Amino acid sequence: MRAASLVLLSTALAGCTVGPDFQRPQAPAAAGYQAPGETAPGQAVFGDGPERRWWTAFGAPQLDALVDQAIAHNRSLAASNATLAASRDELRAIVGRRLPQVDANARIDQQQVNLAAFGFAGNNPLAPGGNPEFHLYSVGGGVSYDLDLLGGLRRSVEQGAAEAEAQQRQTEAAHLSIAGQVVNQVLTIAALQAQIATARALLADDQRNVDLTQKRRIGGEGTMVEVLNAQSQYAADRGDLPQLDQQLAEARHLLATLLGTTPDRLPATDIPMERLTLPATVPVAMPSQLVHRRPDILQAEAELHAATAAIGVATARLYPDITLGATLTQGAPALGDLVKNAFRGYDLFAGLTAPIFHGGTLKAQRAAAVDRARASQARYEQTVLVAFSQVADLLSALQNDARAVADQQASVRVAERSRHLSQRSFEVGNSGILQVLEAERLYQRARNGLVVAQTRQFLDVARLHVATAGGWIATPVDGEPDARRGGGAAR
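Residues numbered from 1 in each chain as written. Predicted model: local features only at pLDDT ≥ 70, side-chain atom pairs only at ≥ 80, totals over all residues. Heavy atoms only, no water.

Caption draft 1: Main features of a nonpolar patch on the surface. Where nonpolar side chains cluster on the molecular surface, the patch consists of Leu-328, Tyr-346 and Leu-348 and spans about 380 Å² of accessible area. Relative to the helices and strands, Leu-348 is located in strand E6 (residues 344–353). Exposure remark for Leu-348: the relative accessible area of 64% places this residue in the exposed category. (Patch = residues over 30% accessible without salt bridge, like charges linked within 9 Å, V, L, I, M, F, W, Y side chains within 5 Å. Areas by Shrake-Rupley, 256 points an atom, 1.4 Å probe, with all protein chains shown as cover. Salt bridge = Lys/Arg side-chain N within 4 Å of Asp/Glu carboxyl O. Helix = DSSP H or I, 4+ residues; strand = E, 2+ residues; numbered from the N terminus. Buried < 20%, exposed > 50% of the residue type's maximum accessible area, 1.4 Å probe, protein only.)

Caption draft 2: Expanded view of the nonpolar core. Core analysis: the biggest nonpolar cluster contains 58 residues, and Phe-58, Val-182 and Val-183 have the highest contact counts within it. Listed by contribution, the elements that provide at least two residues to this core are helix H2 (61–73), helix H4 (152–218), helix H6 (240–258), strand E4 (282–285), helix H8 (295–316), helix H9 (361–427) and helix H10 (433–467). By residue number, the principal contributor to this core is H4, which donates 13 residues. (Core = buried A, V, L, I, M, F, W, Y, C linked by side-chain atoms within 4.5 Å.)

Caption draft 3: A look at the sheet that holds strand E2 (residues 101–112). The 4 strands are arranged E2-E3-E5-E6 in an open sheet whose pairing can be described as antiparallel. Pairing within the sheet leaves two strands with one partner each, and these edge strands are E2 and E6. On average, each strand axis in the sheet is tilted by 20° relative to the strand beside it, whichever way the strands run. Looking at chain direction, E2 and strand E3 (residues 133–146) are connected through 12 bridges and run antiparallel. Bridge pairing in E3 links Arg-107 to Ser-138. (Pairing = 2+ DSSP bridges. Axes fitted to C-alpha atoms, helices over the stretch in contact; angles between N-to-C directions.)

Caption draft 4: Looking closely at the packing of aromatic side chains. Under the defined criterion, the tally for this structure stands at 4 aromatic pairs. Each ring, one from Tyr-33 and one from Phe-46, has its centre 6.5 Å from the other, and the planes form 25°; the classification is stacked. With a gap of 13 residues between them, Tyr-33 in the loop between helix H1 (2–14) and strand E1 (44–47) and Phe-46 in strand E1 connect regions that are remote in the sequence. Take Phe-46: its relative accessible area is 37%, and that puts it in the partly exposed class. A ring pair is formed by Phe-58 and Phe-458, whose centres lie 6.0 Å apart and whose planes are at 35°; its orientation type is tilted. (Phe/Tyr/Trp six-rings, centres within 6.5 Å; stacked < 30°, edge-to-face > 60°.)

Caption draft 5: Region of the structure containing the pairing of E3. In the sheet, E3 pairs with strand E5 (residues 321–332) via 10 bridges, with the strands oriented antiparallel. Across the sheet, residue Ser-144 finds its bridge partner in E5, namely Gly-325.

Caption draft 6: View of H2. Over its 13 residues, H2 extends 18 Å from the first C-alpha to the last, a length consistent with the 18 Å expected when each residue adds 1.5 Å. Listed in full, the buried residues belonging to H2 are Leu-63, Asp-64, Leu-66, Val-67 and Ala-70. For H2, the arc enclosing every buried residue in end-on projection is 165°, short of the 170-degree limit, so these residues lie on one face. In H2, the exposed residues that point more than 90 degrees away from the buried face are Pro-61 and Ala-72. Buried residues in H2 make contact with helix H3 (75–96), H4 and H6. (Expected span 1.5 Å × (residues − 1). Arc of directions from axis to C-beta. Contact = heavy atoms within 4.5 Å.)

Caption draft 7: How the structure looks around the packing of H9 against H10. Close contact between H9 and H10 brings their axes to 7 Å; oriented N to C, the two are set at 160°. Classified by the interaxial angle, the pair formed by H9 and H10 is roughly antiparallel. In the crossing of H9 with H10, the sense of the turn from one axis to the other is left-handed. (Parallel < 35°, antiparallel > 145°, perpendicular 65-115°, else oblique. Left-handed = near helix turned anticlockwise from the far one by under 90°.)

Below, the structure is given as structure tokens:
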């Protein structure tokens, strides 16, 4: 009856789980991202956010293939995936502690009994030749089970599941970041190629000016000063190409690293800007959706969950715990006797451990867990605020990018017409070479400004996709739903 009562009491207590149950933070009440008076660009469409393969919106299959290669072969992602696998293995190890622990053992001993220690000295009739020696063979096993009266192990599992989820979210963020970096590098390469093409076209114009001034001087219509000015401008413009070529080489080398390959094995990456399509609309997650989609926010939430569960783990150490177990052993002086009942022994036990005095250590550990949970809460809130600010910045950038591109296009048209008129005026002798060179300077600046503005527009669209949590999604953590629910009656 006493044993039955103990089992019933233990079963009832096992339903209790100390510590606070985790409550998922509520989504902010914000209806939008921007400050009063600011307007979102017409390009942004608010809803659930971008699709998983958001980079396909640029309409370049070659870009899609590069992103897929990076996700499949990037070495940083491989390390992140392996770390995620390790965290899940560690979670399974924690879950295993809640199950009965079964062990087997076997042993062979050779012993010599010291009879003198028991008062048998001299010529002992039990051992005429001295102290007896014999062999002892034993085999057996045991089982133990922690009743987890107040849910310390359950909170440990919950904490481990939350930590594994945090690693999962970090891995998702890494995949999302790598995809964004690949798109960024492809756009950078396209922009540099456009700048190089502009610089080479300008060099062709410079060479034409040199040839023209030389012909004019030979024909007696020009001066050596005009020739030298044209040659000086050609040399100055030619000096810009090595720097642009170096930047292009570095961009390609970095892209090779992102793709998980060496520069000599880099696939074709030359995608002209003209072959990239600027999406007409950009899907943007609403604030209430963003907190449930963006990996860094979900990681901060999982870390808060783990810190909350750690309070329960520390609380459970303040209370008693009961362990049930049993052992069975067969021990005999001869191998043939190991199967005989006469050499069998067993043990059934219930052990109670209860903290009495630890100098305040256990209470201090629980207080530290509470403080760490408060810190995790603050970090979560800061992560949300930073995310909202980033999206607001990019929404403003999209609107300003459109204006900048329009202004630069108008500037290019004016500069191109001015250059054409200056060249014709110089050819008929109505103006000098300096006016032509200045017009070409303005045209070059306008063309480069247009390339930069268009590139910034593409990059900001890509960054807005990344900021609103499109991209790779990892498989769920084992036991994640149970971990999210928390458990038991909180104390």
